[in-house]
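So the chains spell out like this:
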Amino acid sequence: MKKALELKTRYQYTYFIYPYVIEEKNYSKYLLRLLKDKKCTMKKFDIAKDLSIYQNFLPNIRKFMFWSFNYTKQQMRELESLDNELKANILSKYPCTMFDYNIKQNVQGKVQNEDGIYFDITKVELICFNTGICFLLFKTIIDGENNKFSDVVNFNYKFRDITSKADELKEFENIKIQTSIFKDSKDIIKFIKDITGNTSLAEDLNIDQERFITYSYACISQEDWNDNVEIKTIEKLFFKFFKVLPAHKELNDIITEDYFNKPPNSKYIKYGFSNVGTALLTSDIAVDNYTKLPFRFENEQLYLYILCLYKKFYLAKVNYELDRKDCQQEFLSFTKNFLIEEVSNDETESCLEKNWSEKLDIDRMFNKIKNKYDMLYKSTNVEKTKIKQNIII
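Now for a quick tour of the structure. (Residues numbered from 1 in each chain as written. Predicted model: local features only at pLDDT ≥ 70, side-chain atom pairs only at ≥ 80, totals over all residues. Heavy atoms only, no water.)

### Notes on the pattern of salt bridges
Think of it this way: side chains of opposite charge can pair up when their charged atoms draw near.
In step 1: Enumeration over the complete set of coordinates arrives at 18 salt bridges.
In step 2: Here Glu80 and Lys44 are joined by a salt bridge, their closest N and O atoms 2.9 Å apart. With Glu80 in helix H4 (residues 73-81) and Lys44 in the loop between strand S2 (40-42) and helix H2 (51-56), this pair connects stretches of sequence that are 36 residues apart.
In step 3: Of the residues examined, Lys44 reaches a relative accessible area of 32% and is grouped as partly exposed.
In step 4: Taken together, the shared-partner salt bridges connect Lys43, Asp100, Lys123 and Glu125 into one network. (Salt bridge = Lys/Arg side-chain N within 4 Å of Asp/Glu carboxyl O. Helix = DSSP H or I, 4+ residues; strand = E, 2+ residues; numbered from the N terminus. Buried < 20%, exposed > 50% of the residue type's maximum accessible area, 1.4 Å probe, protein only.)

### Looking at the nonpolar core
In step 1: Counting 61 residues, the largest nonpolar core has Tyr20, Leu126, Leu136, Phe138 and Phe149 as its most contacted members.
In step 2: In this view, Phe149 contacts Leu7, Thr9, Ala218, Ile220, Leu237, Phe238, Phe241 and Leu281; residues no more than four positions away in its chain are not counted.
In step 3: In this structure, Phe69, Cys308, Phe334 and Ile362 belong to the second largest nonpolar core, which totals 59 residues. (Core = buried A, V, L, I, M, F, W, Y, C linked by side-chain atoms within 4.5 Å. Contact = heavy atoms within 4.5 Å.)

### Quick word on the pairing of strand S4 (residues 117-129)
In step 1: Judged by how many residues are buried, S4 sits mostly within the fold: eleven of 13 residues are covered.
In step 2: Note: strand S3 (residues 96-101) against S4, six bridges, orientation antiparallel. The residue of S4 that forms the bridge with Thr97 is Cys128.
In step 3: One ladder, built from three bridges, connects S4 with strand S6 (residues 175-177); its direction is parallel. (Pairing = 2+ DSSP bridges.)

This is the structure we're talking about:
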């Protein structure tokens, strides 16, 4: 029987997600800076090109995250013809604006005599909400074919900490970047700082700025995962995959939660959920598992995950500001639009949202803030009533 560390992948990718916060009063200026950057292109969604996204999300979420679906081609041309300052002002009124960052460069030649995990950054995307909560996404793919699944697990574990002040760069010597726009890890860190700016607001909201959130897909060869393979062979490595642990880490023989059978999982489709990321593991024994599913996972399901992360960080923002300013209208609007309404009619996406909300602790955070809100505004109303009574007297 093949060992788990020898399992081969048919295809794999990982999105590393970096959350950051812009002051709301500076949000329009921040969009202006992105619009002026020639490498930044605003994402536009249309039904013909993005039908799966359009069909997956219910109308209110489409209006919130993908407002350009409602634009005609003429309206979009008119928007794009505006000067950047006016355009930034208009975009700042929309709840969410997304950008692609062009990183197409000549790829460095791989040094054949060096050991290590070679990877490429194939996509950079920015997702900005007008509350100031934003996300910087890097899509990475390990170079070569039939990579070991254990290399994917180890790469995720190592790369997610490149912004950490606690780790020295020597920790990343055996992961080699293959995109010429970034020479090394220091270049990536500089790029993140240039894009995100001051991180003090994120620190105020207790958002971890020294560790990426991971969102990872891997498809295992059917020679390694089929009806004749004992599932325990890969179960522990899968656990490390979505918990973002090193492949060599020793685990107890018994894993308490039955992640392999947790909905929306099926025989050769396994989702893993943790508070530090999400992973999807499949077998290429089914063609859709390495054709349609990876596309769906990095489109509608990724955007749904970003929405769930946004809820978490927005609640942290409301909790922080509740004692500092009047958040009544914001909080009520958020409650009405995103914590009550469904986002999708699709059964899988609804199940994913449920799992993500649970792992991100969204309901507990909401109830905590609601109790705080009720007490605060009840106290405020009592004081207002006393003042009115004193005036009458």
